[in-house]
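# Analysis of the macromolecular model
Spelled out from the first residue to the last, the chains are:
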Amino acid sequence: MPRAWALTAGLLWAGVAAAAVEGPGRDQFLRAARASGPVAVDGRLDEETWARAPVFDAFVQRFPEAGKTPSERTELRVLYDDRNVYFAITCHDSEPALINRNLGRRDSDLYSDRVKVLLDTTHDHRTAYVFSVNAGGVQEDGLHYDDQNYTADWDGVWDGAAGRFEGGWVAELAIPLSLLRFPESPMQTWGFSVRRDIARRNEELESVLNPRTSGAIVSRLGHLTGMEVRPYRALELVPYLAARTVARPQFSDAARPWPRLVDPSLDVGLDLRTALTSNLALTATLNPDFGQVEADQLILNLSSFETFFPEKRTFFTQGMELFNQVGGADMPQTLFYSRRIGLQTPILGAAKLTGTVAEGVELGVLDAVVTGPWRRDVDEERPDRNVGLYLTRPLHLGPNSALPTDPMVPMNYLAAVVRGKVGTSSRVGGMVTMATPLTGRCTAEDAALDEELQPVPCLARGGNAAAVDFDLRTADGQYALMGQVDASQVVGGPPERTLRDGTVLRRGDTGLGGYVRAGKYGGEGFRWDVGDDFTTPRLDLNPSGFLRTQNEHAPRVALRYARPNGMGPLKSLSANMSGGSRWTTDGRGLNRGSWVNFNSTVQLPSFDTLAVETGADFGGWDVRELKNSGVPLENTSTAFLTILADSNENRPVVAGGSLAAAYHFRAGPVAPAWGWQADLYATVRPHPALETNLELFLDRTPTGPRFIKDLGAGRFLLSPLLSDTLSLTLRQQWVVTPKLTLQAYAQLFTTYGAYGTYYEGVSDAARTPIRFSSLRPVEHENTDDFHDVGLNLNVVLRWEYRLGSTLYVVYSRGQQRLPVADGVRPPHTLMPHGLLAGAANDALLVKWTWYWGV
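Structure report, in brief. (Residues numbered from 1 in each chain as written. Predicted model: local features only at pLDDT ≥ 70, side-chain atom pairs only at ≥ 80, totals over all residues. Heavy atoms only, no water.)

As a further point, take the overall build of the chain. A count of helices and strands for the chain gives five helices and 51 strands. The C-alpha atoms of the chain give a radius of gyration of 28 Å, which matches the 29 Å a tight globule of 854 residues would have. Counting every position in the chain, which comprises 854 residues, the buried fraction comes to 52%. Within the chain, contacts between residues separated by at least 24 positions form 66% of all contacts whose residues are at least 6 apart in sequence. (Helix = DSSP H or I, 4+ residues; strand = E, 2+ residues; numbered from the N terminus. Rg over C-alpha atoms; globule rule 2.2 N^0.38 Å. Buried < 20%, exposed > 50% of the residue type's maximum accessible area, 1.4 Å probe, protein only. Contact = heavy atoms within 4.5 Å.)

Structure (structure tokens):
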């Protein structure tokens, strides 16, 4: 593998050198003017200083016809003073009554008429702030990183407004210099462009030619110059006060939902942000509260792999792009997965330092400490209602009866990354992560105890990891070579533990891994890429990162055809063929399965989108199904077909989704069977201030023989499973003003599983693979069927009563069905039986924050 990587690197680097030419837009320079007086951000542009500002109006189409003359005229003006840089975009419109002014909560990705300002203030051609205001005055911000990737998770405190005039609308923005990172220089020159969306025409304009066909965005920006400003180091403090009341069942036994207890609690905390230097920003939080964040969706995971959930907590979404793995979220090995922090044990405090330490060199450091009080032995018949204050959570007050009964393992999490620019559009870097248990040592005697009796050190899962990564691109972004080489070390916890595939991990064990991708990722016409993933059996990134599976070598190849600017009557077209295979790296070389895939997407002249995807997974051995044994079980093969559709977003009713059918075959004693899935949605907006979204998910999945029980002596009990799942999700939004919104979220989730004939599979001490043909039926009482029902409800009132200061009122409810009685077979239905009688938790939160900046 290393030889193949070296050869691929050499070929791609030759391509990088050969294609290193200046991209369109780099020769465009726009000049800002110093403001001659105060500027009120109100969308009216009635200050005299705006009238004297230079006007730029040579916008071009970015989509649907790149480089063409726009259908409407756009004027851009830029001013600055010692504290802010101001942008005014006048959007002329020949049909002002048709301007889309949809309203939404701040940072809503609204389909509407809007403008975006892109600023590469460090001028590294890789990172750019994005500030957006739509015609209804809704603000949004985000960040482009690694030249072409985008995240909406970055947030800043800045001001924006939209105004109207007879022939169109105006967007006015004021961006504090303290929010931006830029170097000390007598004259600032930043990467810069402005985009405008005309919703009813699905038209996107930009101040510089930056077509969708390129594999780059930031490196193709024009320039903004003429600003004689110095970095302004502000201190921002956001204290909060949160009062919460939770009504919950008194007993942990789900079969006893009554009586209920009411647990009031009080939290105080603080968020801080300041610039240590002109290029380094410090962000910290003390006892953070994320009660306003929407709950994760309820799902059924029948696989042997952990589910990856997106991060929603603001501290871990803002400014975290530097910690992302090369290649984006789809890459297989992630060193830092922030959801490891604080979901079970509360966060006492956290801090992160991000910025530039030298020209072209970026640094990021994050440290977080989690700890909290808990009680293992609790008398639920006589709950302790006294209010407790604990050193492990000093900024929280609540009754002792509300303390968790599961041990809170104190941990320290550290992530540090450095990345340096190479050439015009490339970079190399490295990362180190540490998940360190703040506990004593777990002995072999401690680990031999039942889990509920084990001391806290045995429950910890610590580890160190390190990686070097590279992202080498041609200046036009079309060709790229990217990848990562990583290693891990087990720290703390029990003396040894067994992974799902039977690998034994001992304290101090190390593992290696890596991935590489190379290919043509931009331009019209044909594109291609090849890749390879490699993990040794003892690679363990999960204490602080995310690794779906180890013990795998997985090469892949893809051929693509893309016409982002359309072909004939189609507005865009793409087609992709890909395939790959997987083997174990434990010396056995077992094939873990192979796959092929074809998909194609077209955007019709009506701007509706249609797609089709088909493929198959077949052959190989599953080394994870027979839990912790390492005995391979033959894989079921599956072929599938999916049809997807999305309607033009510029309609009062938007609908779409996917329909899929899968044929499961080669399952040995289990007859081939069809499965299917429907994932549909509809969004209705009867008024710019109202939006209703309804999502329906239905799934029927048959499986081949699955693990039920380890019978010992190499014998395993298995049974096929038929599962049905229903998820119904409602989202409702009412926007009084862009600063005052009411949002509601509700999900009803129900699922059941029915097992069939039971079989016994036999292996030996050599872990000989078990073929389906060797399974023999056995008698076994079916106590494995299940029926689960859940309800999540969340209502959030958000009022930004002054810039950066917010009041939240949040009501949430979580409820599960009453468990099926012992000896009673669970119902095989998707009806929500037992839900209303089941245990429920109701919570009311009032959270007040105050933004103070100097």
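A contiguous nonpolar surface patch, about 940 Å² in accessible area, is contributed by Tyr479, Phe526, Trp528, Val530, Val557, Leu559, Met577, Phe598, Val612, Leu641 and Ile643. For the nonpolar patch, the secondary structure elements donating two or more residues are strand E30 (525–535), strand E32 (552–563) and strand E38 (637–646). Counting residues per element, the nonpolar patch draws most heavily on E30, at three residues. Tracing the backbone through its elements, the reader meets Phe598 in strand E34 (residues 591–603). (Patch = residues over 30% accessible without salt bridge, like charges linked within 9 Å, V, L, I, M, F, W, Y side chains within 5 Å. Areas by Shrake-Rupley, 256 points an atom, 1.4 Å probe, with all protein chains shown as cover. Salt bridge = Lys/Arg side-chain N within 4 Å of Asp/Glu carboxyl O.)

Applying the stated criterion across every chain, the model contains one disulfide. Linked covalently through their sulfurs, Cys442 and Cys458 form a disulfide whose S-S length is 2.0 Å. The S-S bond linking Cys442 to Cys458 shows a torsion near 90 degrees; that makes this disulfide right-handed. Of this pair, Cys442 sits in the loop between strand E24 (426–437) and helix H4 (444–447) while Cys458 sits in helix H5 (residues 456–459); the two residues are 16 residues apart in sequence, bridging distant segments of the chain. Summarising the burial analysis for this pair, Cys442 and Cys458 share the class buried. (Disulfide = S-S within 2.5 Å.)

On to the environment of Ala368, then. By the element assignment, Ala368 lies in strand E20 (residues 361–370). With 89 residues separating them in the primary sequence, Ala368 and Pro457 have C-alpha atoms 19 Å apart. Setting aside residues up to four positions removed in sequence, Ala368 forms contacts with Ile341, Gly349, Ala350, Met411, Asn412 and Tyr413.

So, on to the sheet that holds strand E47 (residues 776–778). Pairing within the open sheet is antiparallel, and its four strands lie in the order E42-E43-E46-E47. The open sheet has two free edges, formed respectively by strand E42 (706–712) and E47, since each of these has just one partner strand. Between one strand axis and the next, the sheet turns through 35 degrees on average, direction left out of account. When strand E46 (residues 758–762) meets E47, the two strands line up antiparallel, connected through three bridges. Paired with Tyr758 across the strands is Val778, a residue of E47. (Pairing = 2+ DSSP bridges. Axes fitted to C-alpha atoms, helices over the stretch in contact; angles between N-to-C directions.)

We now examine the sheet that holds strand E11 (residues 168–176). One open sheet accounts for five strands, arranged E2-E4-E5-E11-E10; its pairing is mixed. Looking along the sheet, the strands with just one partner apiece sit at the ends: strand E2 (33–34) and strand E10 (159–165).

The subject of this paragraph is the side chain of Asn149. Here Asn149 is to be found in strand E9 (residues 149–151). The exposure class assigned to Asn149 is buried, which follows from its relative accessible area of 17%. Ignoring anything within four residues of it in the chain, the contact list for Asn149 reads Leu143 and His144.

Time to look at the packing of aromatic side chains. In this description, an aromatic ring pair is defined by two values, namely the gap between the centres and the angle between the planes. Tallying each qualifying case throughout the model produces 19 aromatic pairs. Pairing Phe56 with Phe59 gives two aromatic rings, centres 5.7 Å apart and planes at 55 degrees, and the pair type is tilted. The buried category is assigned to Phe56, whose relative accessible area is 16%. By way of ring pairs, the aromatic residues Tyr129, Phe131, Trp154 and Trp158 are connected into one cluster. Arg256 extends its terminal NZ or CZ atom over the ring of Phe251, reaching a point 3.6 Å from the ring centre. (Phe/Tyr/Trp six-rings, centres within 6.5 Å; stacked < 30°, edge-to-face > 60°. Lys NZ or Arg CZ within 6 Å of the ring centre and 35° of its normal.)

It is worth spelling out the side chain of Asp263 at this point. Mapped onto the secondary structure, Asp263 falls in strand E16 (residues 260–275). Asp263 sits in the buried class, given a relative accessible area of 6%. Of note is the side chain of Asp263, whose polar atom sits 2.5 Å from the side chain of Arg248. A distance of 2.7 Å separates the side chain of Asp263 from the side chain of Arg385, its partner in a polar contact. Setting aside residues no more than four positions away along its own chain, Asp263 makes contact with Arg244, Thr245, Val246, Arg248, Arg385, Pro399, Ser401 and Ala402. (Polar contact = N/O pair within 3.5 Å; in protein donor to acceptor, adjacent residues only side chain to side chain.)

Taken as a whole and assessed by the stated rule, the structure comprises 64 salt bridges. The partner of Arg212 in a salt bridge is Glu204, and the shortest N-O contact between them spans 3.2 Å. Look at Arg212 and you get partly exposed, because its relative accessible area is 36%. Overall, Glu204 belongs to the buried group, its relative accessible area being 10%. Between Asp533 and Arg556 there is a salt bridge; the shortest N-O distance is 2.7 Å. Here Asp533 is found in strand E30, whereas its partner Arg556 is found in strand E32, with 23 residues between them in sequence. Bridged by salt links that share partners, the residues Arg62, Arg195, Glu204, Glu206 and Arg212 form one connected network.

What follows is about the nonpolar core. Side chains of a nonpolar character, in soluble globular proteins, are inclined to be buried together. Residues Phe87, Phe131, Leu173 and Phe192 are the most contacted members of the largest nonpolar core, which totals 38 residues. Of all the secondary-structure elements, those providing two or more residues to this core are strand E4 (74–80), strand E5 (84–92), strand E6 (114–120), strand E7 (128–134), E11, strand E12 (188–198) and strand E14 (222–227). The residues contacting Phe192, other than those within four sequence positions of it, are Leu30, Leu76, Val78, Phe87, Val117, Leu118, Leu119, Val208, Leu221, Gly222, His223 and Leu224. With 28 residues, the next largest nonpolar core counts Phe315, Phe316, Ile347 and Val417 among its residues. (Core = buried A, V, L, I, M, F, W, Y, C linked by side-chain atoms within 4.5 Å.)

With that out of the way, let us pick up empty space enclosed by the protein. Considering all chains together, one arrives at five cavities of 30 Å³ or more under this definition. Its boundaries defined by the atoms lining it, the largest cavity holds a volume of some 90 Å³. Contributing to the lining of the largest cavity are 15 residues, with Ser178, Leu180, Ala275, Thr277 and Ser278 lying nearest its centre. For the lining of the largest cavity, the elements supplying multiple residues, two or more each, are E16 and strand E17 (280–286). (1 Å grid on protein atoms, 1.4 Å probe; cavity = no way out; pocket = protein on both sides within 12 Å on 5 of 7 lines; lining within 4 Å. Points joined across faces, edges and corners; volume = space filled by probe spheres on them.)

Our next topic: the pairing of E12. Of all eleven residues in E12, ten are buried, a share of seventy percent or more. Direction of pairing for E6 relative to E12: antiparallel, over a ladder of seven bridges. Note on E12: the bridge partner recorded for Leu118 is Ser193. Alignment of E12 against strand E13 (residues 203–206), held across four bridges, turns out to be antiparallel. Pairing of Asp197 across the sheet is with Glu204, part of E13. As consecutive antiparallel partners, E12 and E13 are separated by four residues, and within that stretch Asn202 has a phi angle of approximately 50 degrees, a positive value.

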